[in-house]
There are 2 protein chains.
Amino acid sequence: MIPLLVPDLPTTEELLPWLKRIDSNKWYSNFGPLVQEFELKLTKLLGSNLTTVSSGTSALELALLALDIPSNSKILLPAFTFPATVTAVKSVGLQPIFTDIDPNTWLLTPTIARQVLNRVSIDVIIPVTTFGHPQPTDEWDKFSHDTGITVLIDAASSFGKQPTGKHCIVTFSFHATKAFGIGEGGLVVANSAEFIEQVRILSNFGFDNGVIIKAGSNAKLSEYQAAVGLAQLERWAKISQKRQVVWDIYQHYLDQEILQNMPTNHIPAILSVKVKDNSTIERFAKCQIQTRRWYYPPLYKHPAFTDVPKFAPQANDYLPVTENLSLLGIPFHTSLTESDISYICNQL
Amino acid sequence: MIPLLVPDLPTTEELLPWLKRIDSNKWYSNFGPLVQEFELKLTKLLGSNLTTVSSGTSALELALLALDIPSNSKILLPAFTFPATVTAVKSVGLQPIFTDIDPNTWLLTPTIARQVLNRVSIDVIIPVTTFGHPQPTDEWDKFSHDTGITVLIDAASSFGKQPTGKHCIVTFSFHATKAFGIGEGGLVVANSAEFIEQVRILSNFGFDNGVIIKAGSNAKLSEYQAAVGLAQLERWAKISQKRQVVWDIYQHYLDQEILQNMPTNHIPAILSVKVKDNSTIERFAKCQIQTRRWYYPPLYKHPAFTDVPKFAPQANDYLPVTENLSLLGIPFHTSLTESDISYICNQL
């Protein structure tokens, strides 16, 4: 069986120096020295203010909570994304609205957002970096500046590949299945130090100088998870290199027409290809190649979200691109060999 | 300086066998083999159905969410507790109500709850195991049976010391500062396997057979945190023994009158003693002994909770016990020596 995902995380050997630091610090959570060092290194890497949290979902939830907007505020997001994008909106008591995606990049684009704005008022937009495709930060910055609408980019799968710009807030996931995985963890990045401080406060129940001004939750990263993060940072260049090799081989074997329209020199986080029908899925299963239909079914077909309003960029509430996208996620990880990849591509 | 808290967590050496299992499993979250083994061992220890989650706060949030009650439901809790008890209620969109505590045990007791019920209708009660004082499970079971009201015991500090009974739901925290600490983690325990399954589903976004029926969050425990938990379970008997020794010495030196009324043969989680005024706090500071006024100020004095209704057991909305309790948390951990303890007690 060729597995769909094989996480590439630090070995025990690579964790040891960090774990020994925990032994001597005797500090295990609550913004300890390893979390501080991890955040410092991430700040240098990303060049922006940031705070770690317990997951990519917590990152979205706390970023939305830190916006401090009324509970009936309307949040626009694509119907084609992982369910956490919408559960986060619902968890903090805001009103999600689904829209469609671009047929080539599979993104909720600024163009789509502007079209939807002609039909309904929106308070926050959550564009998603679908399968690792970066969002156009400059365009969203301009959009945010022009409209006054907050843009929160759900870059769960795109650690290190999605710039923050001047206005956009960006969240990342460090889940085991991500290119930069640590087990469980997340990150909120923003230009505003004040906003980031607010998220950090909310990740620690809302404690601000000993009292709770606004109720938060517990979304702190433990020192153990920070240890994994610090060890993973040292492996990150090598992981990226290995993913580049896998991607180069895939590009050699794959027909461009079945691929997501991706910027050149960009490695996808997840590899999903267009397929004609279910026969491809069955063929892969027979060939012992693990696959997954990522983000399927569309969010509006999950029982929990059937009541979420849908606004298409054009005149109706039917989202044709999301509805008709027929994709199949195929193996994409650093353990794949050239012969694995050629075997996989032969089935397409 | 004698520190207030020194976590007693596994060393790197003790973690190694579990970490090596992660290396070979290459499974890092999502109910992996270590989480499964940790839960199995906890089940044998506690004799009830349970599921691990990412923190004691998540445990409360998801247990409340899994009750599936209307958003205007009223949740009674003591005003004298850690803020997470009330942030959890607010986070899931329910209506908290504060009441008072017993002057001797510092608990919200079934007697207090029955008195409050004569004044206001309540849907769920969250009694807290204040400073590790267990709640009377049988009495709460009878209360729940008599009134039809759900009882959710916030036993954050009381791992292994608070039975579930027939009806009560119990949550625990594995935070680093707890007697059984793993860094960050939590546990929901209940008699009903169906309820526990619902909590587990909600801890994984709400995924139930591939679709979301009810929106949850991500509160899964990573394999790394489970590794710490498994190593900690092997140390648990020894930790409890060491805490017993510290407690015996304290009992020898301390005046019973300034102590919480605690069942005999029970080790407190946190040691808070009655003090007359601020001069004691200042004296401790001068003597280089770290202290903390736990749960101070009372919840209704935090800006985020001033709008929470207060119902005293008797006729008014003034909570005299909570309001007038003058306590000081003093060092209580396994690193204390007899001379530390005698020095601490000399200052009282």
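The structure displayed is predicted, hence computed values, not measured ones.

Novice: Even after reading the chapter, I still don't get the confidence of the model for chain A, so can you show me in this structure?
Specialist: Parts of the prediction with low pLDDT should not have their coordinates interpreted in detail. Across chain A, pLDDT averages 97, with 100% of residues at or above 70. In the model output, the complex is listed with pTM 0.98 alongside ipTM 0.97.

Novice: What exactly am I supposed to notice about the relation of the copies chain B and chain A here?
Specialist: Both copies of the chain are tied together by a single rotation about an axis and a shift running along it. Superposing chain B onto chain A takes a rotation of 180° plus a shift of 0.0 Å along the axis, which leaves an RMSD of 0.0 Å. The symmetry that links the two subunits is that of a two-fold axis. Of the residues that chain B buries at the interface, 100% are likewise interface residues in chain A, meaning the two copies contact each other through the same surface.

Novice: Is there a simple way to think about the sheet that holds strand S6 (residues 169-173) of chain A in this case?
Specialist: The strands that make up a sheet pair up through hydrogen bonds in the backbone, lying either parallel or antiparallel. Residue and element names in this part refer to chain A. Taken together, the seven strands give an open sheet; going across it, the order is S1-S7-S6-S5-S4-S2-S3, and neighbouring strands pair in mixed fashion. The open sheet has two edge strands, strand S1 (49-53) and strand S3 (95-99), and neither has a second partner. Where strand S5 (residues 150-154) meets S6, three bridges bridge the pair, whose relative direction is parallel. Bridge pairing in S6 places Leu152 opposite Ile169. Its contacts with the sheet place helix H7 (residues 193-202) against S1 and strand S7 (186-190), and it is angled at close to 10° to S1.

Novice: Would you take a moment to explain the sheet that holds strand S3 (residues 95-99) of chain B for this structure?
Specialist: Residue and element names in this part refer to chain B. Read from one edge of the open sheet, seven strands run S1-S7-S6-S5-S4-S2-S3, paired in mixed fashion. The strands lining the two open edges of the sheet, one partner per strand, are strand S1 (49-53) and S3. In the sheet, S1 pairs with strand S7 (residues 186-190) via five bridges, with the strands oriented antiparallel. Pairing of Thr51 across the sheet is with Val188, part of S7. Running at roughly 170° to strand S2 (residues 74-78), helix H4 (residues 84-91) makes contact with S2, S3 and strand S5 (150-154) of the sheet.

Parameters at a glance
Residues numbered from 1 in each chain as written. Chains lettered and ligands numbered in written order. Predicted model: local features only at pLDDT ≥ 70, side-chain atom pairs only at ≥ 80, totals over all residues. pLDDT = per-residue confidence, 0-100. Least-squares fit on C-alpha atoms with pLDDT ≥ 70 in both. Contact = placed C-beta atoms within 7 Å. Pairing = 2+ DSSP bridges. Helix = DSSP H or I, 4+ residues; strand = E, 2+ residues; numbered from the N terminus. Axes fitted to C-alpha atoms, helices over the stretch in contact; angles between N-to-C directions.

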